[in-house]
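Notes for the structure review
The residues making up each chain are set out below.
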Amino acid sequence: MAETTLTRQRPRTGPRTGPRTRWSARSIILHVVIALGALAMFFPFYWTLITSLSPGTGLSGTPSFFPANPSLDAYLRLFTDVPFARVVGNSLLLAVITTLAQLFTSATAAYVFSRLPFPGRGVVFGIYLATMMIPLQVLVVPLFAQLRTWGLVDTYFGAVLPTLAAAFGVFLLRQAMNQVPVQLDEAASLDGAGHFRIFWGVILPNIRPALATLAVFAFMGSWNSFLWPLVVLRSPEVQTLPVALAGLQGQYTTQWDIVMAGSVISILPMLALYLFAQKYIIQGVANTGLK
Amino acid sequence: MTGLLSQATATPPVDGPPALGPAVSRRRGSRRLRYALTVLVFLLPSAVPLTLFVLVPMVAAAGISLTEWNLLRPAEWVGFDNYVRLLTNPETAAIFWHTLYYILGYLPLVYVGGLLIALALNTALRGRTLFRGIYFLPVITSWIVVALVWRWLLNPSNGVVNTVLGFFGIDGPGWWTDPAWAMPSIILASAWKDIGFVMVILLAGLQAIDPELLDAARVDGAGPWRRFFSVTLPLLSPATFFVLVISLINGFQVFDQVYAMTGGGPGGATQVVVQQIYDLTFRYGRAGEASALSWMLFIVILAVTVIQIRGQRRWVNYG
């Protein structure tokens, strides 16, 4: 992870808004403590990578901090012994569909709650928010039964249907739409634009950061989700990455190199997405609770 | 700065349907119909899935909880038997206790840790954006990966943690193989993963504090501890409140990391509520009892959340 990527928004000289960094004893201790903490946060990632590159790890011996004979053997075996490419493809497919669907369903609903008043709208919005509090576990059994009746267990449809809409996205985008001045709508309306054109041409372009935040969250949620795919996707060919990883552990209890190779592969896309959109992700998290 | 829950009910000032432009304004009746149709078209894409896949199953779960059902044969009506059985079974108390144990260990760790990191990263620190990124990294990683990595790090025989402890002459515990250490292992891994999330929320809260208030306290002779406890911490209460609400809701639903690290073992020492719901349904074919347990869990979460929201006036300070 390059520092340049992470600090692009700030001047290279470091924070100048607050007091300048003075290298007093206190400040040095603080830097050391924070760096040690960061090391503790980063070490498991390093260890995952090292393990994945050390063939036969876990069978014997004490771990070493540098792989003696680094090899991509574990990665190769992952793709030959297990339908791993298929599994990665499944996760990707479901994550992309979920993301697009949530962007669409959340944006249209948010437009209603921000711009289209109707009697009882507050109550309807309250029900939307309440769905956020219902634990997935309550829904698992009836959802499973329902989708089995429709013959959708073990299908991508079955996996993706319950993730098409999420109240969190509606909430997030509504917050953003409320920041867009109503005068913009009014001006467009005077020019003869209807709601569809205002929504598409005025509102959406003005909430791009919020849409990006939601896209990242929806993708991350789907990519990392475990319980529902575990329940609904039973055959190896349709399984998703986290489920397959959990299964790998059972199959290859001692072959940690393979398990860790799978973990590295599952982290990479999120890491790329994170480096690309970290400003949005962190702000998105911060904004959900505050302001 | 207002909190999540009060914000949720605030609606922007919009007076009636916005004018639709001259082209559309023909007769009043058809205009209202068009407007209603527009609202429907915009609302249905989300309302249909939320109804079909959240509200209907929620009600269905209540129905299923009153039956005995193994997912295969037709369900058999048993009234409140499942609830009675759960409430009289000492195992139920045990799994709720394990869940509470998890929360009680996890919450202080993640809050105090996240607060210390946020405070440190809020000072003039070199490379704080990089540090923020590193501390946040585990948040974007899936629970399964985190659980697998920590299971490996905490491996009692040749894991890194026990190897390092060995250098210092400490004989590391059996971590997830020892019933006494299994839950602390899960708590450790969970806190490691979530501390960055808490840090970001608290950092946003800290940055919203007006520095003049701290300066004023300094002028009045308040030392650093006094300033922290009398100014910073009270002004951070909305962020603290948010962290508490979210962490408690998530804590009661802890599952992925338990499933992947211990599967509820050893000897049921880490059997939590959701693991039990999963086992009841898919291992023992007792979907009715599982649904009853899931409704009990929902009621507990609802009660705790309502109590928190009610209690927030006493200590949450929305300056």
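Computed from a prediction, not measured in an experiment: that's the story for all the values here.

Regarding the overall build of chain A
A tally of helices and strands in chain A yields 14 helices and 0 strands. Mapped in sequence order, the helices and strands of chain A form the string α-α-α-α-α-α-α-α-α-α-α-α-α-α. Counting every position in chain A, which comprises 291 residues, the buried fraction comes to 53%. Within chain A, contacts between residues separated by at least 24 positions form 72% of all contacts whose residues are at least 6 apart in sequence.

Side note on the overall build of chain B
When its secondary structure is counted, chain B shows 14 helices and 2 strands. Here the C-alpha radius of gyration of chain B, 25 Å, is well above what a compact globule of 319 residues would show, namely 20 Å. Taken along the three principal axes of its C-alpha coordinates, chain B extends 85 × 75 × 35 Å. Every one of the 319 residues in chain B was classed for burial, and the buried ones make up 54%. By sequence separation, contacts in chain B at least 24 residues apart represent 67% of the contacts at least 6 residues apart. In the structure as shown, chain B presents an accessible area of about 14600 Å², 65% of it carried by carbon and sulfur atoms. Within chain B, one finds 21 positive and 15 negative side-chain charges whose respective centroids are separated by 15 Å.

Description of the packing of helix α10 (residues 195–206) of chain A against helix α2 (residues 28–64) of chain B
Helix packing for two helices is described by the angle between their axes and how far apart those axes are. Contact pair α10 of chain A / α2 of chain B: the axes reach a minimum separation of 11 Å and the direction vectors enclose 40°. The angle between the axes of α10 of chain A and α2 of chain B places the two elements in the oblique class. Of the residues in α2 of chain B, those in contact with His-195, Phe-196 and Phe-199 of chain A of α10 of chain A are Tyr-35, Thr-38, Val-41 and Phe-42 of chain B. When its residues are assigned to classes, the contact of α10 of chain A with α2 of chain B shows 5 nonpolar, 2 polar and no charged.

Concerning the confidence of the model for chain A
All names here are of chain A. Residues of chain A with pLDDT of at least 70 account for 86%, and the chain-wide mean is 83. The element-level mean pLDDT for chain A is lowest in helix α1 (residues 3–6), coming to 38, with helix α4 (residues 84–115) highest at 95. Note on residues 1–18: pLDDT is under 50 here. Beyond four places in sequence and across chains, it has 24 contacts.

A look at the environment of Leu-136 of chain A
Positionally, Leu-136 of chain A belongs in helix α6 (residues 136–149). You can call Leu-136 of chain A partly exposed: its relative accessible area is 32%. When the C-alpha positions of Leu-136 of chain A and Gln-179 of chain A are compared, they lie 31 Å apart, and in sequence the two are 43 residues distant. Not counting the four nearest positions on each side in its chain, Leu-136 of chain A is found in contact with Leu-227 and Trp-228 of chain A together with Gln-253 of chain B.

Observations concerning the confidence of the model for chain B
The predicted model of chain B averages 86 in pLDDT, with 91% of residues at 70 or higher. Low confidence marks residues 1–16 of chain B, where pLDDT is under 50. Its contacts with residues over four positions away, or in another chain, come to 36 contacts.

Details of the interface of chain A and chain B
Between chain A and chain B, the residue contacts involve 111 residues of the former and 103 residues of the latter. Carbon and sulfur atoms supply 75% of the area that chain A and chain B bury against each other, a total of about 9500 Å² over both sides. For the interface between chain A and chain B, the tally reads 0 salt bridges. Summed over the shared surface of chain A and chain B, the number is 12 residue pairs in polar contact (both at pLDDT 80 or more). Of the residues that constitute the side of chain A that touches chain B, the class distribution is 72 nonpolar, 30 polar and 9 charged.

A look at the side chain of Thr-262 of chain B
Residue and element names in this part refer to chain B. With respect to the secondary-structure elements, Thr-262 resides in the loop between α12 (256–261) and α13 (273–282). Using a relative accessible area of 18% as the deciding quantity, one classes Thr-262 as buried. Each residue touching Thr-262, except ones within four places of it in the same chain, is listed here: Trp-176, Ala-182, Ile-186, Gln-257 and Thr-270.

A look at the packing of aromatic side chains
The description of two aromatic rings rests on the distance between their centres and on the angle between their planes. Applying the stated criterion to the full structure yields 32 aromatic pairs over all chains. Judged by centre distance (5.6 Å) and plane angle (70°), the rings of Phe-168 of chain A and Phe-217 of chain A are edge-to-face. Remark: Phe-217 of chain A occurs in helix α11 (residues 208–224) and Phe-168 of chain A occurs in helix α8 (residues 167–178); sequence separation between them is 49 residues. Residue Phe-168 of chain A is classed as partly exposed on the basis of its relative accessible area of 25%. Connected via pairs of aromatic rings, a cluster forms that spans Phe-144 and Phe-226 of chain A together with Phe-255, Tyr-259, Tyr-278 and Phe-282 of chain B. Across from the ring centre of Trp-176 of chain B, 3.9 Å away, lies the NZ or CZ of Arg-151 of chain B, which sits over that ring. The side chain of Lys-193 of chain B reaches across the aromatic face of Trp-143 of chain B, ending 5.1 Å from its centre.

Topic: the nonpolar core
Counting 191 residues, the largest nonpolar core has Ile-207 of chain A together with Leu-121, Tyr-135, Phe-136 and Leu-202 of chain B as the members making the most contacts within it. Element by element, the count of residues in this core is highest for helix α14 (residues 256–289) of chain A, at 14 residues. Here Leu-121 of chain B is in contact with Ile-34 of chain A together with Arg-128, Phe-131, Arg-132, Tyr-135, Met-199 and Leu-203 of chain B, once residues within four sequence places are set aside.

Regarding the pattern of salt bridges
Applying the stated rule across the entire model yields 6 salt bridges over all chains. Arg-115 of chain A is the partner of Asp-185 of chain A in a salt bridge, and the nearest nitrogen-oxygen pair spans 2.5 Å. Of this pair, Asp-185 of chain A sits in helix α9 (residues 182–190) while Arg-115 of chain A sits in helix α4; the two residues are 70 residues apart in sequence, bridging distant segments of the chain. Residue classification places Asp-185 of chain A among the buried residues on the basis of a relative accessible area of 7%. Here Glu-68 of chain B and Arg-85 of chain B are joined by a salt bridge, their closest N and O atoms 3.8 Å apart. Taken as a pair, Glu-68 of chain B in strand β1 (residues 67–68) and Arg-85 of chain B in helix α3 (residues 81–88) lie far apart in primary sequence, 17 residues in all. Taking relative accessible area as the criterion, Glu-68 of chain B reaches 44% and is therefore assigned partly exposed. Overall, Arg-85 of chain B belongs to the partly exposed group, its relative accessible area being 34%. Through salt bridges with shared partners, a single network forms among Glu-68, Arg-85, Arg-286 and Glu-289 of chain B.

What counts, and where the lines are drawn
- Residues numbered from 1 in each chain as written.
- Chains lettered and ligands numbered in written order.
- Predicted model: local features only at pLDDT ≥ 70, side-chain atom pairs only at ≥ 80, totals over all residues.
- Heavy atoms only, no water.
- Helix = DSSP H or I, 4+ residues; strand = E, 2+ residues; numbered from the N terminus.
- Buried < 20%, exposed > 50% of the residue type's maximum accessible area, 1.4 Å probe, protein only.
- Contact = heavy atoms within 4.5 Å.
- Rg over C-alpha atoms; globule rule 2.2 N^0.38 Å.
- Areas by Shrake-Rupley, 256 points an atom, 1.4 Å probe, with all protein chains shown as cover.
- Lys, Arg positive; Asp, Glu negative; His and termini not counted.
- Charge placed at Lys NZ, Arg CZ, Asp CG, Glu CD.
- Axes fitted to C-alpha atoms, helices over the stretch in contact; angles between N-to-C directions.
- Parallel < 35°, antiparallel > 145°, perpendicular 65-115°, else oblique.
- Nonpolar A, V, L, I, M, F, W, Y, C, P; charged D, E, K, R; others polar.
- pLDDT = per-residue confidence, 0-100.
- Buried area = accessible area lost by both parts, 1.4 Å probe.
- Salt bridge = Lys/Arg side-chain N within 4 Å of Asp/Glu carboxyl O.
- Polar contact = N/O pair within 3.5 Å; in protein donor to acceptor, adjacent residues only side chain to side chain.
- Phe/Tyr/Trp six-rings, centres within 6.5 Å; stacked < 30°, edge-to-face > 60°.
- Lys NZ or Arg CZ within 6 Å of the ring centre and 35° of its normal.
- Core = buried A, V, L, I, M, F, W, Y, C linked by side-chain atoms within 4.5 Å.

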